[in-house]
Amino acid sequence: MKTVRTFLAVNLELETIKKIGELQRSLIRRTVGSGAVIKWVPPGNMHLTLRFLGDITEPMIEAIRDRLAGVIRPLAPVSIEAKGLGFFPPEGEPAIIWAGVEPSPELQAMYDLLCDTLTGIGFIAPERPFASHVTL
C-alpha cells in the first residue's frame, strides 16, 4: 500500500508570512556565496509544524482528518510569537533553517488535544515537549 510522508501543521496569516519572508530574504542575501546548500521554502508553503507523523497510508490520513476536524477547528485561530532561529542538522553545515515559535496557551492547548486524539487512534505520544517551528 502506498504511503505518504505526513505532518500536521497550522497555516499562517498572510501578514506573518510576509514578515517571515522578509527575514528569509535577509538570510538568503547573507548566505549567498557561502557555499552552504540551504533548502529555502517558498513563502507560500510556510506553515507552523505541529506534529510529524512519518510515512502513513492514505486511509490513515483520511481517518486522522475525520477525527481531528471536529476537535481542532473550534480552537482556531491561535496566536503565535516567533522566537529565535535554528537549523538542522544541529552539527555541521545547515541544510534547513527555522524560526522557533513560543507557544501561546491556545497553541499549546491545540497541540495537547491533537496529541491526545492521535494517541487515541494508535499513535505513540511524543517523548519530547512541544517545540514548534516554521521552516524557512
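Residues numbered from 1 in each chain as written. Predicted model: local features only at pLDDT ≥ 70, side-chain atom pairs only at ≥ 80, totals over all residues. Heavy atoms only, no water.

### Quick look at the side chain of His47
Inspection of the secondary structure assignment puts His47 in strand 2 (residues 47-57). Exposure remark for His47: the relative accessible area of 17% places this residue in the buried category. A polar contact of 2.9 Å, which involves the side chain of His47, links it to the backbone oxygen of Asn45. In contact with His47, not counting residues within four places along its chain, are Phe7, Ala9, Val10, Leu12, His133, Val134 and Thr135. (Helix = DSSP H or I, 4+ residues; strand = E, 2+ residues; numbered from the N terminus. Buried < 20%, exposed > 50% of the residue type's maximum accessible area, 1.4 Å probe, protein only. Polar contact = N/O pair within 3.5 Å; in protein donor to acceptor, adjacent residues only side chain to side chain. Contact = heavy atoms within 4.5 Å.)

### A word on the side chain of Ser104
Tracing the backbone through its elements, the reader meets Ser104 in the loop between strand 4 (96-103) and helix 3 (105-120). By relative accessible area, Ser104 is classed as buried at 12%. A polar side-chain atom of Ser104 sits 3.0 Å from a polar atom in the side chain of Glu106.

### Side note on the environment of Ala76
Inspection of the secondary structure assignment puts Ala76 in the loop between helix 2 (58-72) and strand 3 (80-88). What makes Ala76 partly exposed here is its relative accessible area of 46%. In sequence terms Ala76 and Met110 are 34 residues apart; their C-alpha atoms lie 8.3 Å from each other.

### Some thoughts on the nonpolar core
Ile64 and Leu114 are the most contacted members of the largest nonpolar core, which totals 29 residues. Put simply, the parts of the chain that give this core at least two residues each are strand 1 (3-11), helix 1 (14-31), strand 2, helix 2, strand 4 and helix 3. Leaving out residues up to four positions away in the same chain, Leu114 has contacts with Leu8, Leu50, Arg51, Leu68 and Ile72. (Core = buried A, V, L, I, M, F, W, Y, C linked by side-chain atoms within 4.5 Å.)

### Some words on the packing of helix 2 against helix 3
Contact pair helix 2 / helix 3: the axes reach a minimum separation of 10 Å and the direction vectors enclose 145°. Crossing of helix 2 over helix 3 shows right-handed handedness. Together, Ile64, Arg67, Leu68, Val71 and Ile72 of helix 2 and Met110, Leu113, Leu114, Thr117, Leu118 and Gly120 of helix 3 make up the contact between the two elements. Here the contact of helix 2 with helix 3 is composed, by residue class, of eight nonpolar, two polar and one charged. (Axes fitted to C-alpha atoms, helices over the stretch in contact; angles between N-to-C directions. Left-handed = near helix turned anticlockwise from the far one by under 90°. Nonpolar A, V, L, I, M, F, W, Y, C, P; charged D, E, K, R; others polar.)

### Remarks on helix 3
Taking 1.5 Å of rise per residue, the 16 residues of helix 3 would be expected to cover 22 Å, and the 22 Å separating its terminal C-alpha atoms lies within 8% of that figure. All of the buried residues in helix 3 are Leu107, Met110, Tyr111, Leu114, Cys115, Thr117 and Leu118. Seen along its axis, helix 3 keeps its buried residues to an arc of 165°; they face one direction. In helix 3, the exposed positions that point more than 90 degrees away from the buried face belong to Pro105, Asp116 and Gly120. Where helix 3 is buried, its residues meet strand 1, strand 2, helix 2, strand 3 and strand 4. Looking at the residues trailing helix 3, positive phi occurs at Gly122, about 110°. (Expected span 1.5 Å × (residues − 1). Arc of directions from axis to C-beta.)

### Some points on the pattern of salt bridges
Taken as a whole and judged by the stated rule, the model has two salt bridges. Linking Lys2 and Glu58 is a salt bridge whose minimum nitrogen-to-oxygen distance equals 3.9 Å. Of this pair, Lys2 sits in the segment before strand 1 while Glu58 sits in helix 2; the two residues are 56 residues apart in sequence, bridging distant segments of the chain. Among the ionic pairs, Lys83 bridges to Glu102, the shortest N-O distance being 3.9 Å. (Salt bridge = Lys/Arg side-chain N within 4 Å of Asp/Glu carboxyl O.)

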